[in-house]
Amino acid sequence: MLLKTNMLILKNISKKLGQFRLTDINLEISEGTYYVLLGRSGSGKTQLLELIAGLNQPDSGELWLDNENITHKKIQQRNIGLVFQDYAIFPNMTVFENIAYSISSGKIDKSIVRERVSKAASEFNISHLLGRDTKHLSGGELQRVALARTLIKSPRLLLLDEPMASIDASLKDDIKRLLRRLNKQGLTIIHVTHDYREAVSLATRVGVIHNGRIIQEGCPDFVFRKPVNKFVARYSGVRNFFRVGFKKENGKWSAISNEKVIFNLSDSTYPEEGLLLLRSDDIKISHEMPSCNAGNCYKGIVKEILPSEYGVEITVDAGETFYVDVSADTFKQQPVIESSEVWISFPEEAGIALQGTN
Amino acid sequence: MNRNGPFNWILLILSSLVLLFLVAPLLGMFLKTGIGEFFETAKDKDVQSSIWLTVWVAFSATLFFAVAAVPFAWLLARKSFPLKSVVQGIIDLPVVLPHTAAGIALLGFISRDGLLGKAANSVGFNLVNNPAGIAIAMAFVSLPFLINSARDGFTTVPERLEKAALNLGAGRSRVFFTISLPLAWRSIITGFVMMFARGMSEFGAVVIIAYHPMIAPVLIYDRFSSFGLKYARPAAVLFIIVALVVFTILRLLSDTGKTVVTKDEYADS
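Since the model is a prediction, treat every value here as computed from it, not as a measurement.

**Quick word on the overall build of chain B**
Scanning chain B from N- to C-terminus turns up 14 helices and zero strands. The helix and strand sequence of chain B, counted from the amino end, reads α-α-α-α-α-α-α-α-α-α-α-α-α-α. Counting across all 269 residues of chain B, residues that qualify as buried make up 38%. When contacts within chain B are restricted to residue pairs at least 6 apart in sequence, long-range pairs at least 24 apart make up 78% of them.

In structure tokens:
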């Protein structure tokens, strides 16, 4: 019996595409979800979108939309909108003709087509582009045209293939705002990307796909705080990985790395050995020794300072190599220089344990 | 002279020799043809009707076969199927066949005993020594030019544009006519012109199917074999001029057609 709340269900979907294979994909997406599927290029995320849209048929498994089995339903009848990574705007048509494409097959009166195109263009702030050739539009404009063209038919589900990949960084925030607004208006969105920051800022649910399999999914906080393996952890921006042995002494958990650095851990269940993960932004850096009650403090030497999108990334050698993210403001107030001595600290709860080393 | 100098000189000399080889016979023919005999030939009703027959039959053959050849080219560009390379080899076969051999093969097909000839004959139509037979011979030897050029054109159309159109609810035929065909238009026109040109200049296959009515290449050969070089030359010059004018017009028409965006141009945009 299928639950009504799950609008889209993928059951054991498998598909072989040349040497590559999507394997046993299971997904349940409820109405109004903003689902971000994270994966490297070649991980199978675009192929999965094309299967959902109906551009390809799965070798096995079932696809359900609104309690209807659409596995073998024609692409034209699925009512699922897909925006391609490079937008696939028809270069032989004007912006107007592109947006009107899905409703101008002759069955709808021309004045109604004009009215609907005009409304869609106004919603996406592209009314001034309607008469234009599409060859000289910017990435942001092309994306708005592609969204207007797809959404003019009011699809049940919107699929976005790497929507931020081909636009300038300055326009990304605009597009994120636009996508958030569409989602808030009730549109269910599946967005595939290789950039976990897009998931952090947009997703209500996240899945991580690797080698054609979804290896973890859940709410973003859970996936990013409790990655199931090193791949997911790396994907969610973790840069500090330590091979450790875990032990409990006097009721307190700790971990000892290969380089004999001891980490104090919060009370939980740990394997005998594995990986300890630390997010770069959970580590604080200071010139003075911080208060180390119920935490971890280490003295180290600054090895490298590199600019990053948050501010700077500081590499500190404190027995193990730690990568620390510091905001531009904090770095300005408390600058450090290479080869100087610093203290790094992080709370017990910051450590994430993983069984195994992969 | 820079250090590539000798190489550049060799290139220049070799290229000039190739060009001279192509131009010299034609130029010689034009120079040896007197103005008087040229205009006299141009007024000759037999010459006029043979050139007209050549142009319209070649054009009709190209147009008629394009209706099937262009969708076939799309199929070759987009789909994988068993023995596709064999099919591709069959398409190229007329290019490597001696054209007289092609004519003999076709004659067996369209003569009264042949499959197509028998069918045509049953409705009182004889394909041998008939413009329809000539069109078949022209199309047989020239179809690869259209199919290959159109296939290359369809290959340059990004497949995701067709997928996007399908996702927007368009049927396969609408996608073909609104996306694939307009975007591959230039290559299709190039193939069309090439097929038309090849059809017009065909002699070997046509002469076996139909000596009469005479197309221009057969008429030139007939005059050469019956009366000699001097008598055949003005007809050849006239036919070349007509062919050049027709192709120039077709080129101009295709260039003023819809702007076609290739995959690379699209990616740049």
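There's plenty left to go through after this.
**What to know about the interface of chain A and chain B**
With 18 residues of chain A at the contact, the number on the chain B side is 18 residues. Class assignment of the residues belonging to the side of chain A that touches chain B gives a composition of nine nonpolar, six polar and three charged.

**A closer look at the domain arrangement of chain A**
Residues and elements named next belong to chain A. Taken domain by domain, chain A holds domain 1 (6–235) and domain 2 (240–355). Measuring from the centre of the C-alpha atoms in domain 1 to the corresponding centre in domain 2 gives 38 Å. Across the boundary between the two partners, domain 1 contributes six residues, which contact five residues of domain 2. Class assignment for the residues of the side of domain 1 that touches domain 2 results in two nonpolar, one polar and three charged.

**A closer look at helix 7 (residues 131–156) of chain B**
All names here are of chain B. Helix length check: helix 7 (26 residues) gives 36 Å between terminal C-alpha atoms against 38 Å at 1.5 Å per residue, within 8%. The principal kink in helix 7, of about 50 degrees, is found at Ser142, preceding the proline Pro144 by one to four residues. Burial analysis of helix 7 places 22 of its 26 residues in the buried class, which makes it a mostly covered element.

**Details of the nonpolar core**
Leu159(A), Ala137(B), Met138(B), Val206(B) and Ile209(B) are the most contacted members of the largest nonpolar core, which has 164 residues in total. Ranked by residues supplied to this core, first place goes to helix 7 of chain B with 15 residues. Both domain 1 (6–235) and domain 2 (240–355) of chain A contribute no fewer than three residues apiece to this core. Residues contacting Val206(B), with those up to four places away along its chain left out, are Ile134(B), Ala137(B), Met138(B), Ile215(B) and Val218(B).

What counts, and where the lines are drawn
Residues numbered from 1 in each chain as written. Chains lettered and ligands numbered in written order. Predicted model: local features only at pLDDT ≥ 70, side-chain atom pairs only at ≥ 80, totals over all residues. Helix = DSSP H or I, 4+ residues; strand = E, 2+ residues; numbered from the N terminus. Buried ≥ 20, exposed ≤ 12 C-beta atoms within 10 Å, placed from the backbone. Contact = placed C-beta atoms within 7 Å. Nonpolar A, V, L, I, M, F, W, Y, C, P; charged D, E, K, R; others polar. Domains from an automatic or database assignment. Expected span 1.5 Å × (residues − 1). Bend = angle between axes of the 7 residues up to and from the residue. Core = buried A, V, L, I, M, F, W, Y, C linked by C-beta atoms within 7 Å.

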